[in-house]
Amino acid sequence: MQLEKQEMLESGEAWSERFAGLEPIVKYNNITKSFGDLEVIKGVDLELYPGEKIAMIGPSGSGKTTLGRLLMTLEEPTSGTIELDGELLWHTEDKGKLIRAGEKHLHRMRGKVGMIFQHFNLFPHMNVLRNVTMAPRSVLGLSKEEAHDRAVTMLRKVGLEEKLDVYPSQLSGGQKQRVAIARALVMQPKVMVFDEVTSALDPELVGEVLEVIREIADEGEMAMLLITHEMEFARDVADRVIFGAEGRIVEQGTPEQIFENCQSERLQSFLGRFVGAASNP
Ligand SMILES: Nc1ncnc2c1ncn2[C@@H]1O[C@H](COP(=O)(O)OP(=O)(O)O)[C@@H](O)[C@H]1O
Ligand SMILES: [Mg+2]
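What you are looking at is a predicted structure, and each value in this text was computed from that prediction instead of being measured.

Another point: the site of ligand 1. As a structural note, the neighbourhood of ligand 1 is formed by Phe35, Val40, Pro59, Ser60, Gly61, Ser62, Gly63, Lys64, Thr65 and Thr66. In the model, an oxygen atom of ligand 1 is placed 3.1 Å from a nitrogen or oxygen of the Ser62 main chain. Within the side chain of Thr66, an N or O atom sits 2.6 Å from an oxygen atom of ligand 1. Take the shell around ligand 1: its biggest share by element is three residues, from helix H2 (residues 64–71).

Now the structure itself:
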């Protein structure tokens with residue numbers, strides 16, 4: 001039976017028909033996260049389907065980065081569970097009870113997720129090729145040749161196969177961010193989190209990075225969580241847009257629903273800040 005979208009939402013089924021019947025690749029179950037007394041994630045339920053592209057928008061400080069870092073195992077949830085690729089991420093079961101997973105489990109699960117940050121953290125003393133081959137060699141144990149071949153493929157994909165021998169200091173911000181994307185792709189993650197990857201770039205360099213992300217998105221199979229302030233990009237690329245504020249998901253929908261027919265005043269006022277932004281940066 002075909003459920004209406006609203007019914008799907010309410011019943012927790014796949015949010016879009018395209019993903020109906022698939023198991024989510026990521027599932028946040030009533031996640032909270034506090035830093036000391038400050039609760040920054042206040043009970044988030046979120047499913048991401050294989051191949052689905054979610055754009056996450058919202059004001060600064062609303063917890064977007066923290067949600068990504070929880071999946072990347074850089075932060076531990078205060079309560080709730082996260083499922084990744086059919087397994088619990090932070091927990092294992094022991095005699096019917098959930099206990100915190102050990103480092104070995106976390107390490108294995110971490111390999112399923114790639115995250116790219118606002119500030120490219122390339123290793124400055126390594127050339128482009130070594131930046132990209134390092135993790136496949138040390139974490140996946142690939143041979144030098146295998147890692148090299150994979151790295152070259154990914155650097156070609158981001159348009160930088162000419163820059164293998166170059167050091168990060170000789171690259172533009174846009175090129176550095178493209179290396180960072182290649183470095184994440186080379187690990188062949190099932191899910192990629194892009195955390196405001198163009199926010200630190202000069203405006204003229206934003207386009208080349210978004211173009212690369214768009215191409216990766218078009219290939220289809222990888223699930224992507226795109227935290228972004230680039231509204232046009234979100235509208236073009238995302239299957240679903242999520243608006244978060246103060247640690248909660250306030251509203252979600254198709255790009256059309258969110259950008260043309262939003263329901264909450266909060267989202268309306270947030271989006272109002274971007275009107276005219278494209279023509280007047
Ligand atoms: N390591 C940390 N220690 C204390 N507070 C933090 C830490 N990381 C994030 N926060 C706080 O959590 C809130 C959410 O941050 P963040 O997830 O970075 O939001 P966003 O990415 O939406 O801007 C902010 O108030 C931020 O100051
Ligand atoms: Mg952030």
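Of note, the phi angle at Asp85 is positive, near 50 degrees, even though the residue is not glycine. Looking at where Asp85 falls in the secondary structure, it is placed in the loop between strand E4 (79–84) and strand E5 (87–88). The phi dihedral of Glu246 falls on the positive side, at around 50 degrees, and the residue is not glycine. Of note, Glu246 is situated in the loop between strand E11 (240–245) and strand E12 (248–253).

Take the pattern of salt bridges next. Throughout the structure, instances matching the rule amount to 15 salt bridges. With a shortest N-O distance of 2.9 Å, Arg214 and Asp236 are connected by a salt bridge. Highlighted residues: Arg214 in helix H7 (residues 203–219) and Asp236 in helix H8 (residues 231–237), separated in sequence by 22 residues. The class of Asp236 is exposed, set by a relative accessible area of 51%. Taking the shortest distance from any N to any O, the salt bridge between Arg235 and Glu260 comes out at 2.6 Å. Here Glu260 lies in helix H9 (residues 255–260) and Arg235 lies in helix H8, a separation of 25 residues in the sequence. Residue Glu260 is classed as exposed on the basis of its relative accessible area of 56%. Salt bridges sharing partners connect three or more residues here, namely Lys33, Arg69 and Glu75.

Ordered by their spatial adjacency, six strands build an open sheet running E8-E9-E10-E3-E11-E12, and the pairing between neighbours is mixed. Edge positions in the sheet fall to strand E8 (113–116) and E12, since each of these pairs with one other strand and no more. Across the sheet, the axes of successive neighbouring strands diverge by a mean angle of 20 degrees, strand direction being ignored. Summarising the sheet, E11 and E12 pair through five bridges and their orientation is antiparallel. Across the sheet, residue Ala245 finds its bridge partner in E12, namely Arg248.

Right, let's get into the nonpolar core. With 39 residues, the main nonpolar core has Ile116, Leu155, Ile181, Met192, Phe194, Ile213 and Met224 as its most contacted residues. When residues of this core are traced back to their parent elements, those giving at least two are helix H4 (128–138), helix H5 (144–157), helix H6 (173–185), strand E9 (191–195), H7, strand E10 (223–227) and H8. If one sorts the elements of this core by residue count, H7 sits on top with eight residues. Here Met224 is in contact with Leu48, Glu52, Lys53, Ile54, Met192, Phe194, Ile213, Ile216 and Ala217, once residues within four sequence places are set aside.

Quick look at the UniProt feature "domain: ABC transporter" (unreviewed entry) in the chain now. Taking the numbering used here, the UniProt-annotated feature "domain: ABC transporter" (unreviewed entry) corresponds to residues 26–271. Along residues 26–271 one finds 37% helix and 28% strand; the C-alpha atoms at either end are 27 Å apart.

On to H6. Under the 1.5 Å per step criterion, the end-to-end length of H6 is 18 Å for 13 residues, consistent within 8% with the ideal 18 Å. Burial analysis of H6 places twelve of its 13 residues in the buried class, which makes it a mostly covered element. When H6 is considered as a whole, its buried residues turn out to be Gly173, Gly174, Gln175, Gln177, Arg178, Val179, Ala180, Ile181, Ala182, Arg183, Ala184 and Leu185. As for H6, its buried residues are in contact with E8, H4, H5, E9 and H7.

What follows is about the environment of Val128. Tracing the backbone shows Val128 in helix H4. With 38 residues separating them along the chain, Val128 and Val166 place their C-alpha atoms 5.8 Å apart. If we skip the residues at most four places from it in the chain, Val128 touches Leu155, Lys163, Leu164, Val166, Leu171 and Val179.

The geometry of H4 relative to H5 is characterised by a closest axis approach of 9 Å and an angle of 125 degrees between their N-to-C directions. Our classification of the angle between H4 and H5 gives oblique. Judged by the twist between their axes, the crossing of H4 over H5 is right-handed. Two secondary-structure elements touch here, H4 through Val128, Leu129, Val132, Thr133, Pro136 and Arg137 and H5 through Lys144, Ala147, His148, Ala151, Val152 and Leu155. Of the residues in the contact of H4 with H5, the class split is eight nonpolar, two polar and two charged.

Thresholds, definitions, all that
- Residues numbered from 1 in each chain as written.
- Chains lettered and ligands numbered in written order.
- Predicted model: local features only at pLDDT ≥ 70, side-chain atom pairs only at ≥ 80, totals over all residues.
- Heavy atoms only, no water.
- Near = heavy atom within 4 Å.
- Polar contact = N/O pair within 3.5 Å; in protein donor to acceptor, adjacent residues only side chain to side chain.
- Helix = DSSP H or I, 4+ residues; strand = E, 2+ residues; numbered from the N terminus.
- Salt bridge = Lys/Arg side-chain N within 4 Å of Asp/Glu carboxyl O.
- Buried < 20%, exposed > 50% of the residue type's maximum accessible area, 1.4 Å probe, protein only.
- Pairing = 2+ DSSP bridges.
- Axes fitted to C-alpha atoms, helices over the stretch in contact; angles between N-to-C directions.
- Core = buried A, V, L, I, M, F, W, Y, C linked by side-chain atoms within 4.5 Å.
- Contact = heavy atoms within 4.5 Å.
- UniProt positions renumbered as here; feature names shortened; annotations may be inferred.
- Expected span 1.5 Å × (residues − 1).
- Parallel < 35°, antiparallel > 145°, perpendicular 65-115°, else oblique.
- Left-handed = near helix turned anticlockwise from the far one by under 90°.
- Nonpolar A, V, L, I, M, F, W, Y, C, P; charged D, E, K, R; others polar.

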